[in-house]
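Chain by chain, the residues run as shown.
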Amino acid sequence: MQTSQKHPSSTGINFYHQPPVQGIYPMLQSNMCHDAHDSSSQGTTSVSSETCKEQYFTLESCPAPTGFMDCDDSPSYASVSSSKRTPFSPQGSQSCYSDHHQSSDNNYGSPISGLSCIDDGHELMKHKLRELEISLLGPDESDIVDSCGCCVKGGLHGASQLAKHNWDQIAQNIHQFDLKGVLRLCAQAVSDDDIPTARGLMDNVLGKMVSVAGDPIQRLGAYLLEGLRARLESSGNLIYKSLKCEKPTSKELMSYMHILYQTCPYWKFAYISANAVIAEAMANESRIHIIDFQIAQGTQWHLLIQALAHRPGGPPSLRVTGVDDSQSFHARGGDLQIVGERLSDFARSCGVPFEFHSAAMSGDEVVRGNIEIRSGESLAVNFPFVLHHMPDESVSTENHRDRLLRLVKSLSPKVVTLVEQESNTNTSPFFHRFVETMDYYTAMFESIDVVCPRDDKKRISAEQHCVARDIVNMIACEGVERVERHELLGKWRSRLSMAGFKQCQLSSSAMAATQNLLKDFSQNYRLEHRDGALYLGWMHRHMATSSAWR
């Protein structure tokens, strides 16, 4: 079966749906929705395991998923081995630069976060990439080998080797290759502007190794490959915007988001930890105002409303201001008025006095005049997986990320809750950002894999519509077009401190609430209370942090 070698046009995006079989895999192609050109926008459940027919699934729409995740510590770089083995075995991707001690229950091999050093590891990475190149092509006659058998001519030879090689011969040996290693090699070629090598790897190797119905790295590889293609075609921003077109329907999109919400604890971690912190901070307050900068469906406040309803002496009054990009109404099937009506009805059923105010705009557009502050109210502000979307000083002199923090501080809140992905992709150079993205989302896809069958159509659609968009944006886009800009907690701590905030120590009640949450999920999830914050991890990889400030 011949493999298509067409490159995505400015309106196309490819995803790869094929089983991991030997030989040449079909690369199926489809066009994305074209109407985006005219857009001016910016407990555990069982999931059906319908068998997927070999077909092409298109990621056609997804407003930023509720809260996330898009889902840690400094990047970890798994080394590439040139030994011959089954290409997708976990052992093929779990050796790291540092001496990573894997847990006995690590069935996937997620790298331990926080032990790698980009600067110290750069030369080693180049050496490992060279090893993979040699395994693909054989040694370059210009390489000098010393008495220890070590190649002393460093660096990646790129087009000088790969461009002149017989790609058909390489394709015959795909079963020997490590997918992570080939992805890194391709990303390095893109970073070095070595277009012949990059295109050769994409068209002749990677397209035959990835699959949206495969194991975690195969599925992730399909989206990373699409991001690399889009970067070469300079179509990343167009693809990112195209994913907001009007398919799937609101009902379908909500079902996809619900699958991830029930499958992974990342969103629930954000909501439950924020609820616990705010409930404790407001224990003695009679009038409470919450500003939620990512209100989404608003259901995250049901637990708090129920807790307030049972307060001795009667419930306090509660007012919620919901901030949300007006373009995300598609996921709800309407604007923020729907959220207000649902919350009002729920509060009324619990006997809690309630008001809702909407600010239908993205967070970087919010100014003081959009927020109504009333005397006598105690204010709480919630940032659930949203601040990383705010452009900072590296993008614009307006620096909305820090401006918004200063604005919130000027409102004198009693508590501010911050939940963010623990990942470092904001200002990293492209290649380092690619490896960090691959490391982070490998862990996320592994965590999904524990619950959902690999051939489940709904799982495939959920990943494509609610996760892949962010991956493509991080890989394909730069400047103002790259809106997925994660930072580590240490950097958030610096920003909040400069804005005048002081970190609050999280109480045992917040820890207990999140620990109770994890009882419904895999034992491979980890919860750590460190430096006054909560870290949620998968295996040895930190995925998200929750912290409180005042």
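Residues numbered from 1 in each chain as written. Predicted model: local features only at pLDDT ≥ 70, side-chain atom pairs only at ≥ 80, totals over all residues. Heavy atoms only, no water.

**Observations regarding the overall build of the chain**
Consideration 1: Within the chain, the secondary structure is distributed over 18 helices and nine strands.
Consideration 2: Per element, the accessible surface of the chain, about 20,800 Å² overall, is 49% carbon and sulfur. (Helix = DSSP H or I, 4+ residues; strand = E, 2+ residues; numbered from the N terminus. Areas by Shrake-Rupley, 256 points an atom, 1.4 Å probe, with all protein chains shown as cover.)

**Side note on the side chain of R459**
Consideration 1: Mapping R459 onto the fold places it in helix α15 (residues 457–466).
Consideration 2: Separated by 2.4 Å, the side chain of R459 and the backbone oxygen of R454 make a polar contact.
Consideration 3: Not counting residues up to four positions away in its chain, the partners in contact with R459 are V212, A213, R219, I448, C452, P453 and R454. (Polar contact = N/O pair within 3.5 Å; in protein donor to acceptor, adjacent residues only side chain to side chain. Contact = heavy atoms within 4.5 Å.)

**Considerations on helix α10 (residues 302–309)**
Consideration 1: Among the residues of α10, those classed as buried are L304, I305 and L308. The buried residues of α10 occupy an angular sector of 100 degrees when the element is viewed end-on, so they sit on one face.
Consideration 2: Looking at the buried residues of α10, the elements they touch are α9 (266–281), β1 (287–292), β2 (317–323) and α12 (336–350). (Buried < 20%, exposed > 50% of the residue type's maximum accessible area, 1.4 Å probe, protein only. Arc of directions from axis to C-beta.)

**Quick word on the packing of helix α4 (residues 179–191) against helix α5 (residues 195–204)**
A pair of packed helices can be characterised by two numbers: the angle between their axes and the separation between those axes.
Consideration 1: Contact geometry of α4 with α5 gives a least axis separation of 8 Å together with a crossing angle of 150 degrees. As the angle between them shows, α4 and α5 are arranged roughly antiparallel. Judged by the sense of rotation from one axis to the other, the crossing of α4 with α5 is left-handed. Note on element contacts: α5 touches α4 through T197, A198, L201 and M202, opposite V182, L185, C186, A189 and V190.
Consideration 2: When the residues that make up the contact of α4 with α5 are grouped by side-chain class, the tally is eight nonpolar, one polar and no charged. (Axes fitted to C-alpha atoms, helices over the stretch in contact; angles between N-to-C directions. Parallel < 35°, antiparallel > 145°, perpendicular 65-115°, else oblique. Left-handed = near helix turned anticlockwise from the far one by under 90°. Nonpolar A, V, L, I, M, F, W, Y, C, P; charged D, E, K, R; others polar.)

**Here we look at helix α16 (residues 468–476)**
Consideration 1: Across the nine residues that make up α16, a large majority, nine, are buried.
Consideration 2: For α16, the complete set of buried residues consists of A468, R469, D470, I471, V472, N473, M474, I475 and A476.

**Overview of the side chain of T437**
Consideration 1: Mapped onto the secondary structure, T437 falls in helix α14 (residues 430–449).
Consideration 2: The contact partners of T437, leaving out residues within four places of it in the chain, are L224, T425, I471, M474 and I475.

**Some thoughts on the environment of V205**
Consideration 1: Secondary-structure assignment places V205 in the loop between α5 and α6 (216–233).
Consideration 2: Linking V205 and I170, residues 35 residues apart in sequence, is a C-alpha distance of 7.6 Å.
Consideration 3: Once residues within four sequence positions are removed from consideration, V205 is found in contact with W167, I170, I174, F177, V182 and G200.

**Overview of the pattern of salt bridges**
Consideration 1: In total, this model carries 24 salt bridges according to the counting rule given.
Consideration 2: A salt bridge links E528 to R530, with the nearest nitrogen and oxygen atoms 3.0 Å apart.
Consideration 3: What makes E528 partly exposed here is its relative accessible area of 31%. (Salt bridge = Lys/Arg side-chain N within 4 Å of Asp/Glu carboxyl O.)

**Observations concerning the packing of aromatic side chains**
Consideration 1: In this structure the tally under the stated criterion is nine aromatic pairs.
Consideration 2: Ring geometry for F293 against F383: centres 4.7 Å apart, planes inclined by 25 degrees, an arrangement best described as stacked. In this pair, F293 is assigned in the loop between β1 and α10 and F383 in strand β4 (residues 378–384), connecting sequence segments 90 residues apart. Each of the two residues, F293 as well as F383, counts as buried.
Consideration 3: Between Y440 and Y441, the aromatic rings sit 5.2 Å apart at their centres with planes inclined by 70 degrees, giving edge-to-face as the arrangement.
Consideration 4: Members of the aromatic cluster, each reached through a chain of ring pairs, are Y266, W267, F521, Y525 and W538.
Consideration 5: Of note, K409 hangs over the ring of F501, and the distance from its end group to the ring centre comes to 5.2 Å. (Phe/Tyr/Trp six-rings, centres within 6.5 Å; stacked < 30°, edge-to-face > 60°. Lys NZ or Arg CZ within 6 Å of the ring centre and 35° of its normal.)

**Concerning the pairing of strand β8 (residues 533–538)**
Successive side chains on a regular strand alternate, one facing one side of the sheet and the next facing the other.
Consideration 1: Counting buried residues in β8 gives six out of six residues, a clear majority hidden from the surface.
Consideration 2: Covered by surrounding structure in β8 are A533, Y535 and G537 together with L534, L536 and W538, the residues of both alternating faces.
Consideration 3: Taking the residues that link successive antiparallel strands as the turn, the strand β7 (residues 525–530)-β8 hairpin has two residues, and the phi of D531 there is positive, at about 55 degrees.
Consideration 4: Counted along the chain from β8 to the antiparallel partner strand β9 (residues 541–549), the turn is two residues long, and its residue M539 has a positive phi close to 55 degrees. (Pairing = 2+ DSSP bridges.)

**Digging into the packing of α5 against α6**
Consideration 1: As a packed pair, α5 and α6 sit with axes 11 Å apart at the nearest point and diverge in direction by 145 degrees. With respect to the hand of their crossing, α5 and α6 are arranged in left-handed fashion. Each of I195, A198, R199, M202 and D203 in α5 lies in contact with α6, whose residues at this interface are L225, L228, R229, L232 and E233.

**Here we look at the environment of Y535**
Consideration 1: Relative to the helices and strands, Y535 is located in strand β8.
Consideration 2: Note: C-alpha distance between Y535 and Q421 (114 residues apart in sequence) is 9.8 Å.
Consideration 3: Apart from the residues lying within four places of it in its own chain, the contact partners of Y535 are E422, L489, R526, L527, E528, R530, H542, A544 and T545.

**Examining unusual backbone geometry**
Peptide bonds are, in most cases, trans, and in most cases residues other than glycine have a negative phi.
Consideration 1: With phi around 60 degrees, D193 is a residue other than glycine that occupies positive phi space.
Consideration 2: Checked against the element boundaries, D193 lands in the loop between α4 and α5.
Consideration 3: Given the relative accessible area of 58%, D193 is considered exposed.
Consideration 4: Even without being glycine, M539 reaches a positive phi, approximately 55 degrees.
Consideration 5: For M539, the location among the structural elements is in the loop between β8 and β9.

**A short note on the confidence of the model for the chain**
Consideration 1: On average, residues of the chain carry a pLDDT of 77, and 67% of them reach 70 or more.
Consideration 2: Per-residue pLDDT stays below 50 along residues 1–13; that stretch engages in 38 contacts with residues further than four places along the chain or on separate chains.
Consideration 3: Scored below 50 in pLDDT, residues 111–122 makes 36 contacts in the model with residues more than four places away or belonging to other chains. (pLDDT = per-residue confidence, 0-100.)

**Considerations on the pairing of β7**
Consideration 1: Alignment of β7 against β8, held across six bridges, turns out to be antiparallel. The residue of β8 that forms the bridge with R526 is G537.

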